[in-house]
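# Commentary on secondary and tertiary structure
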Amino acid sequence: MAHFLDRVETALRDEHLRDAMLAATRDLASRRVNALANLENADMIRDLARQAKMTMLRDLAGNLETFERNLKRNGIHVHWARDGKEANRIVIEIAKAAKCKRAVKSKSMATEETHLNHALIDAGLDVLETDLGEYIVQLADTTPSHIILPIIHMTRGDIGQIVHEKISVPYTDDPEKLTKIARAKLREAFLSADLGISGCNFGVIDTGTICLVSNEGNARLCTTLPRVHVAVMGIEKLVPSLAEFDWMIKILARSATGQKITTYTSVISGPRRAGDHDGPEEMHVVLLDNGRVNILGGEIAEILGCIRCGACLNACPVYRNIGGHAYGDTYPGPIGAIVTPGLRGMKDWKELPDASSLCGACRDVCPVRLDIPRMLLKLRQTGVEEGRAPASIKWMMKGFGIVVSRPWLYRLSARWGGRVARLLASRGWIHKLPGLGGGWTRSRDMRAPAAKSFQQLWKERKRA
Amino acid sequence: MKEKPRKVQLFHTCIVNEVYPEVGISVATILERLGVEVEVPTSQTCCGQPAFNAGFHDDARKVARHTVDLLLKSGDPVLIPSGSCCDMISHQYHMLFENDAEYLKKSHELSERCYEFSQFLVDVLGITDLGARINAKVAYHPSCHLLRGLGVRTQPKTLLEGVGHLECATVKDQEECCGFGGMFSVKNSGISGGMLENKLKNIQASGANTIVSCDMGCLMHLEGGLKRRGSDINVKHISQILAEGLS
């Protein structure tokens, strides 16, 4: 895979992408503001939701055990997966044991993390994504670029082209026509599927319940029509009871899309019972670790409180400029810059926490008030402590520490540094800097340091 | 209400000292005019933010200890003409010293006495109108650490609204970052350049002839972008526009 900065350059060259991203994220951000303004006690609910998540995480192991017990009491089979491979193997085994051949899937970032679709197809199963955005992602054989709006980077023309090419229908960019085409395909799949796969937005500990939110009704069809339902959930997605779930849904849709509530909210507490009109015969929950336990004990444990609303992506000027794919893994944007190195380690992902101006827009919009800039700073510190910083930067910073903590040395360096910089300047401006500074002069000029420092001017002023 | 301070220590910041010394002069001019004596501790250097943001906490701590010790020598409030450096000293030092009880305590003591320039004028001195007058159409740029770090949203606007003949332009996405971010603008120059581009487009569309902010870091970045594009829009620290309006 290309290096992060190369992916960024590719994204930045794509004017089409930048325009699409800017328009869509601006729109979402303003919807969010309006939606929260209309929620009474929004700030208090955000505080309570945060507190509930943080308290739950403090005893995640104990809470998971209780959750497992309550799921089982409801007749739900529970499986534990240490990593993505194990999760995929479990789902395939469930499918084989129940003789399932055709799977329909509702939107799930956990299964994006494990690349479940490819594993299922390799195991000989048919699998169809039924969220409209994810359906297009699957047709285009790409990956989502946003955790809520998988194809936020595409225009309707792009979508029309994909649909035209992949399922051989005449080209159209009319959203209504495209939706009708997809709907016909998906209906057929829903009715013939024997396995429904979903993620899980919230797991309610005390009732042993899986909660799903969606806007298209596809999650409900996936979890009620097929014979077998498997929900794959990250182990951090718990809430203590339905009361906390209520707080969460009050802020989730508002933060994500500016809706008061999603069109469909499914609260599932087990397979079909005697007398039920619908529902699967068999229901499974796969609890996925995949690196989360490593995060739990460390400096960025707070990130496990994330409810995956995507508000931080929409608010992030970096994400707005480069889109989701440049981040290189399942989770893009500010959340991705923390979760990805957290789940996968800093070795291959240390550039992500660096790619932020620490503007704090993400922290402001986070419904559960995650201090994202603090976590980015912590990860940068971890990177340095693990010796991952380039030698040039390391020596530069060492020099900075030595010089700047000694006023006389600082003054001397500033004076000589200023002289050298002024030599590079013409009429007070530097147009091209060497080395690292070249990054600056790539898209802006640099004002040369002043001939007299403030302290010199101050002394002269005092004397006068 | 507490008695208003008669004297402040000016932590001028390294960028003002080396690149924009005239900003320090205008800050002092305004304060003196308001009857506040300005003392400049000569041993000050930089707040340490470049190393801190890059993850080099040991190196940043050396600088931070020096700054804490220096500024605690006097009991006077510390005035900082930068939202970002003020946020660094009043909030981020706590993270730097989380394992150093002595300096953690000192940094808390210091943070209670640190004020950004506009914050000091409006919140501490209770000034909203200095009687300044200037013909300018101004795009105010709320710097991120001022706005979201210190929570200073209204104070600079209040001061600008108090300036006669001054028009505040409406800027699209006004609260979005300009892309500076210190080392970010160098290490991630492509993304930073994209952010700068968006910001300058919005400011140019607003019809403003001057960008005003409370942070010379952001203004240095914006000014460099304007210069590269051959634009004649000026950049000014808020103290400069106030001082010019008084002269």
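Parameters at a glance
Residues numbered from 1 in each chain as written. Chains lettered and ligands numbered in written order. Predicted model: local features only at pLDDT ≥ 70, side-chain atom pairs only at ≥ 80, totals over all residues. Heavy atoms only, no water. Contact = heavy atoms within 4.5 Å. Buried area = accessible area lost by both parts, 1.4 Å probe. Salt bridge = Lys/Arg side-chain N within 4 Å of Asp/Glu carboxyl O. Helix = DSSP H or I, 4+ residues; strand = E, 2+ residues; numbered from the N terminus. Nonpolar A, V, L, I, M, F, W, Y, C, P; charged D, E, K, R; others polar. Domains from an automatic or database assignment. Polar contact = N/O pair within 3.5 Å; in protein donor to acceptor, adjacent residues only side chain to side chain. Pairing = 2+ DSSP bridges. Axes fitted to C-alpha atoms, helices over the stretch in contact; angles between N-to-C directions. Parallel < 35°, antiparallel > 145°, perpendicular 65-115°, else oblique. Buried < 20%, exposed > 50% of the residue type's maximum accessible area, 1.4 Å probe, protein only. Expected span 1.5 Å × (residues − 1). Core = buried A, V, L, I, M, F, W, Y, C linked by side-chain atoms within 4.5 Å.

### A few points about the interface of chain B and chain A
On the side of chain A, 68 residues touch chain B, which itself brings 73 residues to the contact. Between chain B and chain A lies a buried interface of about 5900 Å² when both sides are counted; carbon and sulfur atoms form 61% of it. At the junction of chain B with chain A, the criterion picks out seven salt bridges. The salt bridge partner of Glu223 of chain B is Arg447 of chain A, with a shortest N-O separation of 2.6 Å. The greatest single-element share of the side of chain B that touches chain A, amounting to 11 residues, is contributed by helix α11 (residues 189-205) of chain B. Class assignment for the residues of the side of chain B that touches chain A results in 29 nonpolar, 29 polar and 15 charged.

### Some remarks on the domain arrangement of chain B
Where interface size is quoted, it is often the accessible area lost as the parts come together. Residue and element names in this part refer to chain B. Domain boundaries assigned for chain B yield domain 1 (7-122) and domain 2 (128-246). Here the C-alpha centre of domain 2 lies 22 Å away from the C-alpha centre of domain 1. Across the boundary between the two partners, domain 1 contributes 26 residues, which contact 23 residues of domain 2. Summed over both partners, the interface of domain 1 with domain 2 comes to about 2200 Å²; 71% of that surface belongs to carbon and sulfur atoms. Area buried by domain 1 at its contact with domain 2 is led by Tyr20, Ile30 and Val122, which between them contribute 23% of it. Our count for the domain 1 to domain 2 interface comes out at zero salt bridges. Here domain 1 is connected to domain 2 by eight residue pairs in polar contact (both at pLDDT 80 or more). Broken down by secondary-structure element, the contributors of at least two residues to the side of domain 1 that touches domain 2 are α1 (14-18), α2 (21-33), α5 (83-96) and α7 (117-124). By residue class, the composition of the side of domain 1 that touches domain 2 is 13 nonpolar, nine polar and four charged.

### A word on the sheet that holds strand β6 (residues 209-214) of chain A
Residues and elements named next belong to chain A. Pairing is mixed in the open sheet, where four strands are placed in the order β8-β5-β6-β9. Strands with a single pairing partner mark the edges of an open sheet, and in this sheet they are β8 (238-239) and β9 (264-268). Pairing between β6 and β9: five bridges, direction antiparallel. Directly across from Ile210, in β9, lies its bridge partner Ile268. With respect to the sheet, helix α12 (residues 242-256) is in contact with β5 (202-204), β6, β8 and β9, its orientation differing from that of β5 by roughly 165°.

### So, the side chain of Arg380 of chain A
Here Arg380 of chain A lies in helix α19 (residues 372-385). Separated by 2.8 Å, the side chain of Arg380 of chain A and the backbone oxygen of Asn53 of chain B make a polar contact. Setting aside chain neighbours within four positions, we find Arg380 of chain A in contact with Pro353, Asp354, Ser356 and Leu358 of chain A together with Asn53, Ala54 and Gly55 of chain B.

### Overview of the packing of helix α20 (residues 391-404) of chain A against helix α21 (residues 407-424) of chain A
All names here are of chain A. The interhelical angle for the contact between α20 and α21, taken along N-to-C directions, is 120°, at an axis separation of 7 Å. As far as their axial angle goes, α21 and α20 are oblique. Here Ile402, Val403 and Val404 of α20 lie close against α21, whose contacting residues are Leu409, Tyr410 and Ser413. In terms of residue class, the contact of α20 with α21 is made up of five nonpolar, one polar and no charged.

### Looking at the side chain of Thr13 of chain B
All names here are of chain B. In this fold, Thr13 is placed in the loop between β1 (7-10) and α1. By relative accessible area, which is 1% here, Thr13 ends up buried. If sequence neighbours within four positions are ignored, Thr13 has contacts with Gln44, Thr45, Ile80, Pro81, Ser82 and Cys85.

### A short note on helix α12 (residues 216-228) of chain B
Residue and element names in this part refer to chain B. Taking 1.5 Å per residue as the helical rise, α12 with its 13 residues ought to reach 18 Å, and the 18 Å between its terminal C-alpha atoms agrees with that figure. Among all positions in α12, only Met216, Gly217, Cys218, Leu219, Met220, His221, Leu222, Glu223, Gly224, Gly225 and Leu226 are buried. Immediately downstream of α12, the backbone of Gly230 shows phi near 70°, a positive value.

### Details of the pattern of salt bridges
Residue and element names in this part refer to chain A. Counted according to the given criterion, the structure contains 45 salt bridges over all chains. When the shortest N-O distance is used, the salt bridge between Arg89 and Glu93 registers 3.1 Å. With Arg89 and Glu93 both in helix α5 (residues 84-97) and four residues apart, the pair spans about one turn of that helix. Residue classification places Glu93 among the partly exposed positions, given a relative accessible area of 43%. Linked through salt bridges whose partners overlap, the residues forming this network are Asp43, Arg46, Asp47 and Arg369.

### Remarks on the nonpolar core
The tendency in soluble globular proteins is for nonpolar side chains to be buried as a group. By size, the foremost hydrophobic cluster in this structure holds 195 residues, and its most contacted members are Ile210 and Ile322 of chain A together with Leu121 and Leu242 of chain B. Excluding its chain neighbours within four sequence positions, the residues that come into contact with Ile322 of chain A are Phe4, Val8, Ala11, Leu12, Leu17 and Tyr327 of chain A together with Ile191 of chain B. Membership of the second largest hydrophobic core comes to 23 residues, among which are Cys100, Ala103, Ala119 and Leu120 of chain A.

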